[in-house]
Amino acid sequence: MAVRDGARVIAREEVLPRRHQERLPVLIHELMEESGVRRASLDAIVFGRGPGSFTGLRLAAATAQAWGMAGRLPVYPVSSLAAIALRAVWARRDSTQALNICTIVKARAGEVYVANFAWDGQTLQSTATERRAQAIEVAFDTNVDLAVGDGCLEVDCGQIPNEPRLLPSAEAVLALIKTAEACEAAYALPVYLQADADWGAKTR
């Protein structure tokens, strides 16, 4: 969770396996109290839209919808894969250097979510459509400098440096608001990706 008040960002992180529904309302309350920001002063809601855990994404989207509707606020859905890539940029000693990143996150057994991003020293941009694929079929572009996300443990990264422990963070999601498009709260939906093979079978 994170709140931005001008240039000030107040954030809290917890890894909560199977406890999202129980802890999220408490974390929101604690963060608002800590930041001193009142609900009425919020001007937008940002959330990680996925792809990722089915239950976690549904809860995130439902919470964003509820806060957006209650406050009549615009909601910004942000790619969870982009948030991991941005954390990788922040973790480097020199974040002004250009970097091509492939984010790979575990999906269901034998599958991963994959996306490619380019960092030009100031802005993170998507360079390939997010997709879900068989882990054994993932191949890297020759210009990839770094692979990130727990899906790195499922694929053959070869000689490409990789950081499998990186997770998306609220601060990264918040920072990516400038790359997202606002929508009405009712349309703030999670993104579930079909595997390439499943998609092909359903469109024949």
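Above this text is the structure in question.
Draft legend 1. Summary view of the sheet that holds strand E6 (residues 111-119). The strand order across the open sheet formed by five strands is E7-E6-E5-E8-E9, and the pairing between neighbours is mixed. The outermost strands of the open sheet, each flanked by one partner alone, are strand E7 (124-134) and strand E9 (162-163). As defined by bridge partners, strand E5 (residues 99-106) adjoins E6 across eight bridges and the pair is classed as antiparallel. Pairing of Ile104 across the sheet is with Val114, part of E6.

Draft legend 2. Highlighting the pairing of E5. Burial of E5 is extensive: six of the eight residues sit out of reach of the surface. Between E5 and E6, which follow one another and run antiparallel, lie four residues, and Gly110 among them has a positive phi close to 80 degrees. Inspection of the sheet shows E5 paired to strand E8 (residues 146-148) by three bridges, in the parallel sense. By the bridge assignment for E8, Thr103 is matched with Val148.

Draft legend 3. Structural detail: the nonpolar core. Leu86, Phe117, Leu124, Val148 and Leu176 are the most contacted members of the largest nonpolar core, which has 27 residues in total. Counting residues per element, the ones that place at least two in this core are strand E4 (75-79), helix H3 (80-90), E5, E6, E8 and helix H4 (170-175). Examining the composition of this core, we find that eight residues originate from one element, H3, more than from any other. Counting residues in each nonpolar core, the second largest holds 18 residues, with Ile10, Ile28, Ala64 and Val75 among its members.

Draft legend 4. Spotlight on the environment of Gly149. Here Gly149 is to be found in the loop between E8 and E9. Residues Gly149 and Arg165 lie 16 residues apart in sequence; the distance between their C-alpha atoms is 6.1 Å. In this structure, Gly149 is in contact with Ile84, Ile104, Glu163, Pro164 and Leu166, ignoring residues within four places of it in sequence.

Draft legend 5. Layout of the packing of helix H1 (residues 20-35) against helix H2 (residues 54-71). At a minimum axis separation of 11 Å, H1 and H2 run at an interaxial angle of 40 degrees. The angle between H1 and H2 places the two elements in the oblique class. The two elements H1 and H2 cross, and the hand of that crossing is right-handed. Residues His20, Gln21, Leu24, Ile28 and Met32 of H1 lie in contact with H2, whose contacting residues are Leu59, Thr63 and Trp67. Taken together, the residues of the contact of H1 with H2 sort by class into five nonpolar, three polar and no charged.

Draft legend 6. Structural view of H2. The terminal C-alpha atoms of H2 lie 26 Å apart, and with 18 residues this matches the ideal 26 Å at 1.5 Å per residue to within 8%. Turning to H2, its buried residues number three or more, namely Leu57, Ala61, Ala64, Gln65, Trp67 and Gly68. Tucked inside the fold, the buried residues of H2 contact H1, strand E3 (45-50) and E4. Phi turns positive one or two residues past the end of H2, at Arg72, with a value near 50 degrees.

Draft legend 7. Just unusual backbone geometry, in detail. Following Gly50, the chain continues into Pro51 via a peptide bond in cis, with omega recorded as 5 degrees. Mapped onto the secondary structure, Pro51 falls in the loop between E3 and H2. Of note in the backbone geometry, Arg72 takes a positive phi value of approximately 50 degrees without being a glycine. For Arg72, a relative accessible area of 81% corresponds to the exposed category.

Rules used throughout
Within each chain, residue numbers correspond to sequence positions counted from 1 in written order. Selection of residues for local features in this predicted model requires a pLDDT of at least 70, selection of side-chain atom pairs for listing and counting requires 80 or more, and totals for whole chains, interfaces and linings are taken over all residues. Side-chain calculation: all heavy atoms of the structure are included, whereas hydrogens and water are not. Whether two strands pair depends on DSSP finding at least two bridges between them. Per the convention used, a helix needs a DSSP run of H or I reaching at least four residues, while a strand needs a run of E reaching at least two, with both numbered from the N terminus. Under the scheme applied here, a residue whose accessible area is under 20% of the maximum for its type counts as buried, over 50% as exposed, and between as partly exposed, the area being computed with a 1.4 Å probe on protein chains only. To qualify as a nonpolar core, a set must consist of buried Ala, Val, Leu, Ile, Met, Phe, Trp, Tyr and Cys residues joined through side-chain atoms within 4.5 Å. Contacts were defined at the residue level, with two residues in contact if any of their heavy atoms lie within 4.5 Å. Each axis is a line fitted through C-alpha atoms, taken for helices only over the stretch in contact, and angles between the N-to-C directions span 0 to 180 degrees. For classification, angles of less than 35 degrees are called roughly parallel, those exceeding 145 degrees roughly antiparallel, those between 65 and 115 degrees roughly perpendicular, and all remaining angles oblique. For any helix crossing, the convention is left-handed if the near helix is rotated counterclockwise from the far helix by under a right angle, and right-handed if that rotation is clockwise. Each residue gets one of three labels, nonpolar for Ala, Val, Leu, Ile, Met, Phe, Trp, Tyr, Cys and Pro, charged for Asp, Glu, Lys and Arg, and polar for the others, Gly among them. To estimate how far a helix should extend, the number of its residues minus one is multiplied by 1.5 Å.

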